[in-house]
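The primary structure of each chain is shown beneath.
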Amino acid sequence: MLIEIDSSSGFCFGVTTAINKAEEELAKGSTLYCLGDIVHNGMECDRLREMGLITIDHEQFAQLHNAKVLLRAHGEPPETYKIAEQNNIEIIDATCPVVLQLQKRIKKQFTTNPDAQIVIFGKNGHAEVLGLVGQTKQRAIVIEHADEVTRLDFSHDIYLYSQTTKSLDEFHSIIDYIQAHISEGANFQWFDTICRQVANRMPNICTFATKHDLILFVSGRKSSNGKVLFNACKEQNPHTYLVEGPEEINPEWISNVNSIGICGATSTPKWLMEQVADRIRNNFK
């Protein structure tokens, strides 16, 4: 049986940097908190918890004083930094550089023209999107799907941005709709803020999915990126199954299979995909 792990799957640059920073701080022996799950993968969070990382939510963060807190790759709104300053919290900022640049662009646009519609194509409630909306004093309009674009006021200026991990195709369909409906005299500008390292995963993983009889997609079920990539794999290869870890492999999937491809989300560690491969090698010969 051929077993191949997709070489382009696994942590993106931002997640890798955040985890490296966490490991460096924990190696010093000091207490380190993380605001929210450092990555949407339960097994990787468990590994870092065993090393001493303490995950807290925003309510706990507001009660914290004189501590050290890591901000994950998704980024945070300005309010988080204000609380940190008030409570003497040392911030270890692991915000992804791509997300950080996007925050700055949105903040500058809002400051320049606060009455314009700043629109963010992204998932409501997602940590990155909350950080982006925070740059506009909560005034930005979030649209999750292309069909929600009809909610906009096409008689007023529109500035369109995207969460860094969203679909390029859907983003461009939103652009096309606005361009076709924007009123004369109203200004429309769009900014391609989708991370290419993440966007390029889609065509790569779709090609990978066609090369094998069976695809095991390894991802935490909380991962937005994981859901998108898993569905893309399944469209290319109906014999695609989502597993969070090796223990979820169903023996019935493996019978009469000559080749298995293993891939994952930007929040999936390489070591976890290796564990899935080892489980197959050792138990399903």
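Quick note: structure is the one above.
Presented here is a report on the structure given in the accompanying data block. Here the structure is a predicted model, which means the values were calculated and not measured.

1. Some points on the packing of aromatic side chains
Tallied over the entire structure, the rule returns six aromatic pairs. With a centroid separation of 6.0 Å and 55 degrees between ring planes, the pair formed by phenylalanine 217 and phenylalanine 230 is classed as tilted. In this pair, phenylalanine 217 sits in strand β10 (residues 214-218) while phenylalanine 230 sits in helix α10 (residues 224-236), placing the two residues 13 residues apart along the sequence. Among the residues examined, phenylalanine 217 registers a relative accessible area of 0% and is labelled buried. Residue classification places phenylalanine 230 among the buried residues on the basis of a relative accessible area of 15%. An aromatic cluster of at least three residues, connected via ring pairs, comprises Phe121, Phe171 and Trp190. When the ring centre of tyrosine 241 is taken as origin, the NZ or CZ atom of lysine 234, which lies over that ring, is 5.5 Å away.

2. Notes on the environment of serine 219
Topologically, serine 219 is positioned in the loop between β10 and α10. Since its relative accessible area comes to 1%, serine 219 is described here as buried. C-alpha separation for the pair serine 219 and arginine 279, spaced 60 residues apart in sequence, amounts to 16 Å. Residue contacts for serine 219: discarding those within four places in its chain leaves Asn41, Gly226, Leu242, Val243, Glu244, Ala265 and Thr268.

3. Quick notes on the layout of surface pockets
Taken as a whole, the largest pocket holds about 480 Å³ of empty space. What lines the largest pocket is a set of 19 residues, among which Thr165, Lys166, Ser167, Met202 and Val228 lie closest to the centre. Here the element with the most residues in the lining of the largest pocket is α10; it accounts for six residues. Roughly 320 Å³ of volume is contained in the second largest pocket. Lining the second largest pocket are 24 residues, with Cys12, Val15, His74, Thr165 and Thr266 positioned closest to its centre.

4. Observations regarding unusual backbone geometry
One non-glycine residue, asparagine 66, lies in positive phi territory at about 50 degrees. Tracing the backbone through its elements, the reader meets asparagine 66 in the loop between α3 (58-63) and β4 (68-71). Phi angles above zero are rare outside glycine, and lysine 137 is one such case at about 55 degrees. Assignment of secondary structure puts lysine 137 in the loop between α6 (127-133) and β7 (141-143). Owing to a relative accessible area of 62%, lysine 137 belongs among the exposed residues under this scheme.

5. Quick notes on the pairing of β10
The buried fraction of β10 is high, at five of five residues. Here β10 shows two buried faces, one formed by Leu214, Leu216 and Val218 and the other by Ile215 and Phe217. Of the pairings in the sheet, the one linking β10 to strand β12 (residues 259-264) comprises five bridges and is parallel in character. Bridge pairing in β12 places phenylalanine 217 opposite cysteine 263. Here β10 runs beside strand β11 (residues 240-243); their pairing, made up of four bridges, is parallel. Bridge assignment links valine 218 to a residue of β11, and that residue is valine 243. Each parallel crossover has a hand, and for β10 linked through α10 to β11 it is right-handed.

6. A word on the nonpolar core
The biggest cluster of nonpolar side chains holds 17 residues, and the ones touching the most others in it are Leu216, Ile249, Ile260, Ile262 and Ile280. Only β10, α11 (251-254), β12 and α12 (270-283) provide two or more residues apiece to this core. Counting residues per element, this core draws most heavily on α12, at five residues. If we ignore the near neighbours within four places in the chain, the residues touching isoleucine 249 are Leu216, Val243, Ile254, Val276, Arg279, Ile280 and Phe284. Val15, Leu26, Leu32 and Cys34 belong to the second-largest nonpolar core, a separate cluster that totals 16 residues.

7. Details of the packing of helix α2 (residues 42-51) against α12
Axis separation between α2 and α12 bottoms out at 10 Å; the angle between their running directions is 115 degrees. Relative to α12, the element α2 is oriented roughly perpendicular. Here α2 and α12 pass one another in a crossing that is right-handed. Along its contact with α2, which presents Met43, Glu44 and Arg47, the element α12 presents Trp271, Leu272 and Gln275.

8. So, the sheet that holds β12
For sheets, the rule is that strands pair by backbone hydrogen bonds, running either parallel or antiparallel. The four strands lie next to each other as β1-β12-β10-β11, forming an open sheet whose pairing is parallel. In the strand order of this sheet, the two ends are held by β1 (2-5) and β11, each with one partner. Taken pair by pair, the neighbouring strands of this sheet meet at an average axis angle of 20 degrees, ignoring direction. Contacting β10, β11 and β12, α10 crosses the sheet at an angle of about 155 degrees to β11.

Calculation notes
- Residues numbered from 1 in each chain as written.
- Predicted model: local features only at pLDDT ≥ 70, side-chain atom pairs only at ≥ 80, totals over all residues.
- Heavy atoms only, no water.
- Phe/Tyr/Trp six-rings, centres within 6.5 Å; stacked < 30°, edge-to-face > 60°.
- Helix = DSSP H or I, 4+ residues; strand = E, 2+ residues; numbered from the N terminus.
- Buried < 20%, exposed > 50% of the residue type's maximum accessible area, 1.4 Å probe, protein only.
- Lys NZ or Arg CZ within 6 Å of the ring centre and 35° of its normal.
- Contact = heavy atoms within 4.5 Å.
- 1 Å grid on protein atoms, 1.4 Å probe; cavity = no way out; pocket = protein on both sides within 12 Å on 5 of 7 lines; lining within 4 Å.
- Points joined across faces, edges and corners; volume = space filled by probe spheres on them.
- Pairing = 2+ DSSP bridges.
- Right-handed = clockwise from strand over helix to strand, strands pointing away.
- Core = buried A, V, L, I, M, F, W, Y, C linked by side-chain atoms within 4.5 Å.
- Axes fitted to C-alpha atoms, helices over the stretch in contact; angles between N-to-C directions.
- Parallel < 35°, antiparallel > 145°, perpendicular 65-115°, else oblique.
- Left-handed = near helix turned anticlockwise from the far one by under 90°.

None of the figures reported here should be taken as evidence of function without further support.
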